[in-house]
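# Overview (structure and organization)
Here's the letter readout for the chains.
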Amino acid sequence: MTLPTDLLDLATRIAREAGDLAARRRREGLEIATKSVAADIVTAADKEVEAFIRAELERERPDDGFYGEESAAQESRSGITWVVDPIDGTVNYAYGIPAWAVSIAAVEGSADPATWTAVAGVVYNPVSGEMFRASRGGGAWLAGDRLSVTADVGAAGGLVATGFGYDPATHAPTLALLGRVMPIARDIRRIGAASLDLASVASGRVDAYYEKGTHPWDHAAGVLLVEEAGGMVGGAPGGRPGAGMVIAAGPGFYGRIADVLAPEL
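The structure displayed is predicted, hence computed values, not measured ones.

## As for the layout of surface pockets
In this approach a probe as big as a water molecule rolls over the atoms, and the regions it shows empty are the leftover space. In this structure, the second largest pocket encloses a volume near 170 Å³. Along its surface, the second largest pocket is lined by 13 residues, and W116, V223, E227, R240 and P241 are the ones closest to its centre. Within the lining of the second largest pocket, the residues separate by chemical class into 8 nonpolar, 2 polar and 3 charged.

What follows is the structure, encoded as structure tokens:
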């Protein structure tokens, strides 16, 4: 039986090497193409970095499954699947904004967030050098500091992170939802990388995060960070983080923001 700490050590090593590769490619220049809509972009580095991560995982653990943003999924023969976003925050990456990350999670079960259990995860920002790490039952960490979510918020409300989808058809409903959240928010942060938003909840840098339309690779590692930092997570479908909604917050604020978002669940 593979220990979560062993998976975490592997994820940490690969994430660091992958992030350094992405940073090097950013310095050398970018090749950019569009994906679903004009604002949704992918770089050659996204694909190269995912290929690197996949090859390293296959070399170390050939029976594991793989589920990434830029390549076809592979079924697991070991019971472990790796869920990977090679560059989360590609628009930030392309513009030179220092808020992008490599996100790698090891989950037990299939590549379906409705059924899996995350056992290890890392979110690595190569620009800041910050490596957020968590293993099931082992806590969430940044360097040698154990992370903890905000215990509660004061009368001013919570500092809330969120994100907007690329499809213009989603913008009006997203802004309407933001209007419902604002009365309980101290302020809003829109960083542009879901994995870093979740790492910010885990580290108490923001009090809560919510977003519709994310993909499993966006939140697999970050959700584990929040849980291991003492936070609560939920969403949709089925009350779990998913495409319908991801919600994460400390226990003192989770109920308030979940109540506001309840019509979306």
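## A look at the packing of helix α1 (residues 4-28) against helix α2 (residues 44-60)
Between α1 and α2, whose axes approach to 10 Å, the crossing angle comes to 155 degrees. Put simply, α1 runs roughly antiparallel to α2. You can see that α1 and α2 cross each other, and the crossing is right-handed. Where α1 abuts α2, its residues L10, R13, I14, E17, A18, L21, A22 and R25 lie against A45, E48, V49, F52, I53, E56, L57, R59 and E60.

## Quick look at the sheet that holds strand β12 (residues 208-211)
The mixed open sheet is built from 5 strands, whose spatial order is β11-β10-β12-β14-β13. Strands at the two margins of the open sheet, each flanked by one partner only, are β11 (185-189) and β13 (232-236). In this sheet, adjacent strand axes meet at a mean angle of 20 degrees when their direction is disregarded. Helix α4 (residues 171-181) contacts β10 (158-162), β11, β12 and β14 (245-249) of the sheet and is inclined by roughly 155 degrees relative to β12. Contacts from helix α6 (residues 216-228) reach β13 and β14 within the one sheet, and its direction differs from that of β13 by about 140 degrees.

## Observations concerning empty space enclosed by the protein
All chains considered together, the criterion is met by 1 cavity of 30 Å³ or more. Together, L57, E58, R61, D64, G65, F66, Q74 and W82 line the largest cavity. Breaking the lining of the largest cavity down by element, the ones donating at least two residues are α2 and β3 (65-68). In terms of residue class, the lining of the largest cavity is made up of 3 nonpolar, 2 polar and 3 charged.

## As for α2
Under the 1.5 Å per step criterion, the end-to-end length of α2 is 25 Å for 17 residues, consistent within 8% with the ideal 24 Å. Of the positions making up α2, those classed as buried are A45, D46, V49, E50, I53, R54, E56 and L57. Angular distribution of buried residues about the axis of α2 spans 165 degrees; they occupy a single face of the element.

## Remarks on α1
The end-to-end C-alpha distance of α1, which contains 25 residues, comes to 36 Å, matching closely the 36 Å that a straight helix rising 1.5 Å per residue would cover. Within the sequence span of α1, burial applies to L7, L8, L10, A11, T12, I14, A15, A18, G19, L21, A22 and A23. The inward-facing, buried residues of α1 contact α2, β4 (80-88), α3 (90-95), β5 (101-108), β6 (117-125) and β7 (130-135). One or two residues past the end of α1 sits G29, with phi positive at roughly 120 degrees.

## Re the sheet that holds β4
Taken in spatial order, the 7 strands of this open sheet run β3-β4-β5-β6-β7-β8-β9, and their pairing is mixed. The open sheet terminates on both sides in strands that have one partner only, identified here as β3 and β9 (145-146). Where β3 and β4 come together, 4 bridges link them in parallel fashion. Pairing of G65 across the sheet is with T81, part of β4. Contacting β4, β5, β6 and β7, α1 runs over the sheet at an angle of about 30 degrees to β6.

## Topic: the pairing of β6
Burial of β6 is extensive: 8 of the 9 residues sit out of reach of the surface. Pairing of β5 with β6, which is carried by 7 bridges, proceeds in the antiparallel orientation. Considered in β6, the bridge of A106 is made with A120. Note that β6 and β7 share 6 bridges and pair antiparallel. Considered in β7, the bridge of Y124 is made with M131. Where β6 hands over to β7, the hairpin turn is made up of 4 residues, of which G129 adopts a positive phi near 80 degrees.

## Re the environment of E60
For E60, the position within the fold is in helix α2. Looking at E60, the relative accessible area reads 39%, which means it is partly exposed. Within the local environment of E60, its side chain forms a polar contact with the side chain of R13, the two groups lying 3.3 Å apart.

## Description of the packing of aromatic side chains
Counting across every chain of the model gives 2 aromatic pairs. Aromatic pair Y67 and W217: ring centres 5.5 Å apart, planes at 70 degrees, arrangement edge-to-face. Of the two residues, Y67 sits in strand β3 while W217 sits in helix α6, which places them 150 residues apart along the sequence. Of the two residues, Y67 and W217, neither departs from the other in class, the shared state being buried. In this structure, R16 packs its charged tip against the face of Y124, placed 5.2 Å from the ring centre.

Thresholds applied
Residues numbered from 1 in each chain as written. Predicted model: local features only at pLDDT ≥ 70, side-chain atom pairs only at ≥ 80, totals over all residues. Heavy atoms only, no water. 1 Å grid on protein atoms, 1.4 Å probe; cavity = no way out; pocket = protein on both sides within 12 Å on 5 of 7 lines; lining within 4 Å. Points joined across faces, edges and corners; volume = space filled by probe spheres on them. Nonpolar A, V, L, I, M, F, W, Y, C, P; charged D, E, K, R; others polar. Axes fitted to C-alpha atoms, helices over the stretch in contact; angles between N-to-C directions. Helix = DSSP H or I, 4+ residues; strand = E, 2+ residues; numbered from the N terminus. Parallel < 35°, antiparallel > 145°, perpendicular 65-115°, else oblique. Left-handed = near helix turned anticlockwise from the far one by under 90°. Contact = heavy atoms within 4.5 Å. Pairing = 2+ DSSP bridges. Expected span 1.5 Å × (residues − 1). Buried < 20%, exposed > 50% of the residue type's maximum accessible area, 1.4 Å probe, protein only. Arc of directions from axis to C-beta. Polar contact = N/O pair within 3.5 Å; in protein donor to acceptor, adjacent residues only side chain to side chain. Phe/Tyr/Trp six-rings, centres within 6.5 Å; stacked < 30°, edge-to-face > 60°. Lys NZ or Arg CZ within 6 Å of the ring centre and 35° of its normal.

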